[in-house]
Amino acid sequence: AGSAAERRRRLGRLSALSVYRLAAGAGRPERRRAGGKWAKARPRRGEAGGGGPVPKAVPEPSASAPVSRVERAKAPAHSPEVERQRGPAESSGGGGGVPELLRRLGLLNDSRQRSAELFRWLLAPVSPAEFMRRHWERAPLLLRRGDPGYYAGLFSTADFDAALRSGGVQFGTHLDVTSYAEGVRETHNPSGRALPAVVWDFYQNGCSLRLLSPQTFSHTVWHFLSILQEHFGSMAGANTYLTPPAMQGFAPHYDDIEAFVLQLEGKKHWRVYSPRVDAEVLPQFSSANLTQAELGEPMLETVLEAGDLLYFPRGFIHQGDCLPDAHSLHITVSSYQRNSWGDLLEKLLPAALHMALEEDVEFRQGLPMDYLGYMGVANSDKVDARRTAFMEKVQSLMKKLVDYAPIDAAVDQRAKSFLHDCLPPVLTQSEKLRSVYGFPARWQDGGPCNVDILITKDTEVRLLHHGIIRLCNEEAGVMLYYTMENSRVYHMEEPKFLELGPEYIDSIEFLLSSYPNHISVEALPCETLEDKISLATLLFEKGILTTKKPLVQV
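Residues numbered from 1 in each chain as written. Predicted model: local features only at pLDDT ≥ 70, side-chain atom pairs only at ≥ 80, totals over all residues. Heavy atoms only, no water.

Some remarks on the packing of helix H5 (residues 111–123) against helix H9 (residues 219–232)
Stated formally: Each axis is a line fitted through C-alpha atoms, taken for helices only over the stretch in contact, and angles between the N-to-C directions span 0 to 180 degrees. Each helix is a run of DSSP H or I of at least 4 residues and each strand a run of E of at least 2, with the numbering of both proceeding from the N terminus. Under this scheme an angle from 65 to 115 degrees is roughly perpendicular, one under 35 degrees roughly parallel, and one over 145 degrees roughly antiparallel; angles in between are oblique. Contact between two residues is taken to exist if any of their heavy atoms lie within 4.5 Å; hydrogens are not considered. The classification used treats Ala, Val, Leu, Ile, Met, Phe, Trp, Tyr, Cys and Pro as nonpolar, Asp, Glu, Lys and Arg as charged, and all other residues, Gly among them, as polar.
The N-to-C vectors of H5 and H9 enclose an angle of 100 degrees; their axes lie 8 Å apart at closest approach. In terms of their interaxial angle, H5 and H9 are classed as roughly perpendicular. Taking contact as the criterion, the partners of Ser 111, Arg 112, Arg 114, Ser 115, Ala 116, Leu 118, Phe 119, Trp 121 and Leu 122 in H5 are, on H9, Phe 224, Ile 227, Leu 228, Glu 230, His 231 and Phe 232. Taken together, the residues that form the contact of H5 with H9 break down as nine nonpolar, three polar and three charged.

With respect to the sheet that holds strand S14 (residues 460–463)
Heads up, the rule is: Only strands that DSSP links by at least two bridges are regarded as paired with each other.
Strand order in the open sheet formed by three strands is S18-S14-S19, and the pairing between neighbours is antiparallel. Edge positions in the sheet fall to strand S18 (519–520) and strand S19 (545–547), since each has one partner strand and no second. Here two bridges tie S14 to S18, and the two strands are oriented antiparallel to one another. Across the sheet, the residue bridging to Val 461 is Ile 519, located in S18.

Considerations on the packing of aromatic side chains
Going by this rule: Aromatic rings from Phe, Tyr and Trp, with only the six-membered ring used for Trp, were paired whenever their centres fell within 6.5 Å, and each pair was classed as stacked if the ring planes differed by under 30 degrees, edge-to-face if by over 60, and tilted otherwise. Three exposure classes are used, based on accessible area relative to the maximum for each residue type with a 1.4 Å probe and protein chains only: buried under 20%, partly exposed in between, and exposed over 50%.
One pass over the full model with this rule turns up 26 aromatic pairs. The interplanar angle of 5 degrees and the centroid separation of 5.8 Å between the aromatic rings of Tyr 371 and Phe 390 together place this pair among those described as stacked. In this pair, Tyr 371 sits in the loop between helix H11 (361–364) and helix H12 (385–401) while Phe 390 sits in helix H12, placing the two residues 19 residues apart along the sequence. Judged by relative accessible area, Tyr 371 falls into the partly exposed class, the value being 24%. Between Tyr 374 and Phe 390, the ring centres sit 6.4 Å apart and the planes meet at 80 degrees, which makes this aromatic pair edge-to-face. Pair noted here: Tyr 374 is in the loop between H11 and H12 and Phe 390 is in helix H12, with a separation of 16 residues, a long-range link. For the residue pair Tyr 374 and Phe 390, the accessibility class agrees, reading buried in each case. Members of the aromatic cluster, each reached through a chain of ring pairs, are Phe 119, Phe 131, Trp 136, Phe 232, Phe 260, Tyr 311 and Tyr 336.

Regarding the pattern of salt bridges
Just so we agree on the cut-off: For this document, the term salt bridge refers to a Lys or Arg side-chain nitrogen within 4 Å of an Asp or Glu carboxyl oxygen.
Across all of its chains, the model carries 27 salt bridges by this definition. Glu 117 is paired through a salt bridge with Arg 120; the nearest N and O atoms lie 4.0 Å apart. Taken together, the positions of Glu 117 and Arg 120, both in helix H5 and three residues apart, correspond to about one turn of that helix. Exposure remark for Glu 117: the relative accessible area of 12% places this residue in the buried category. The exposure class of Arg 120 is partly exposed, given its relative accessible area of 28%. Among the salt bridges present, the one from Asp 360 reaches Lys 400, with a minimum N-O distance of 2.7 Å. Residue Asp 360 is found in the loop between helix H10 (341–359) and H11, and its partner Lys 400 is found in helix H12; the two are separated by 40 residues along the sequence.

Written out as structure tokens, the structure reads:
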């Protein structure tokens, strides 16, 4: 590209995007791609229970699938009907925005009710029941609210800029710089820290910016997702996307998550396409980038404006581009990645087979000596009584396998993984005052004061939130997994757990069944008062329990 002097002269007047292209060349298109029942002895045949209900087949979405468009003329954002549906989670547009909504939700005593109300607010004016019946895993939903302030305070371009100025954003790890033009999808990430001058130069030159996991940088997004995850029973994640006017940052593709697109600022033109073949309905993995020629006609085409929402299930191809007259900032809230019946069976079936091999001699009996002569693809068209008997034997063993399936144990292992995925809970001021996080221990007047955690038999306690713990029966013993010490950065911390002796198991179950009510420490079903106080103190120190009243009045 000419002499070194000429190259230096050109570099002196090029944008960050051009410098990146000169240094690295055009990026390749990104390929998108994550005692009793607690005894250590494994359950014997028949103890694990039945196979449970068989899930109904999900109908294949098609161009004729029901796509709801809730237009602003049909359902004004502040109509009495909508307000009644929202309950405590009223419109965020009037005073305080999403932070005020989250504060009001914190007044609810039960964390399960908080998450249900937040989900109701997210979908309003469509009821959660209607959404689950008509749209979840089936068909897109478009909500046009006509309320630009509906998501006020959740995340903004000012928050994006503040994250960059915090100095903690790294290219690739936290931020992707992307473009899509003339059918080519490129990623333009330099190495190192994403400094504002460089990032905004990329944006000014037409690049889209994707901030990965904004909950790492935004307390409000963290709070929002930490409540919502309890409703899904599956990790709730998010990315934010900032795109300049008249630009597009990503090629058409489908994802492996349920996606809720919340338009925060500006507007964006969206096209959504039905899955093209059966294998793309509710896929396990995201697609590669697709070309326009592979798409056909969209089943839905719309322009999202601030306050609007677009939901589409995994497997629905989508692409969004900005109109010439406005930028776009949206946040995509996602859940249900690898959370299907098949994903459960991937853990369950190997465990069932392992148990059956140990406990049933029929599974250990040898195969017929001559089976290679009549089984296999080359013999699949032959009519042979031995083939029939072989197939019937396999079917019989498969049916028996269900009796050895440790279904509850497999579900507990999935719950354990979910707790590791979870964001740590955000405490209200009241919860903080009644937990170890607000305990007034401090250094004062030359020494520590208010250090002793004095829990007695009369102290009333309860779980901080319902979804923060899970008991799991493992080879080493019974473990209590918890989320309190998780990081806002995905899997930065290893799973956190306590190993519990059998004398404490019933008390954990009692705390779970009693929530959200407080119980006295004396009511815990441990054998001795000392055990009761020891367990309550341990759980309080880990942030798992709160007290009805602060232990120390300051």
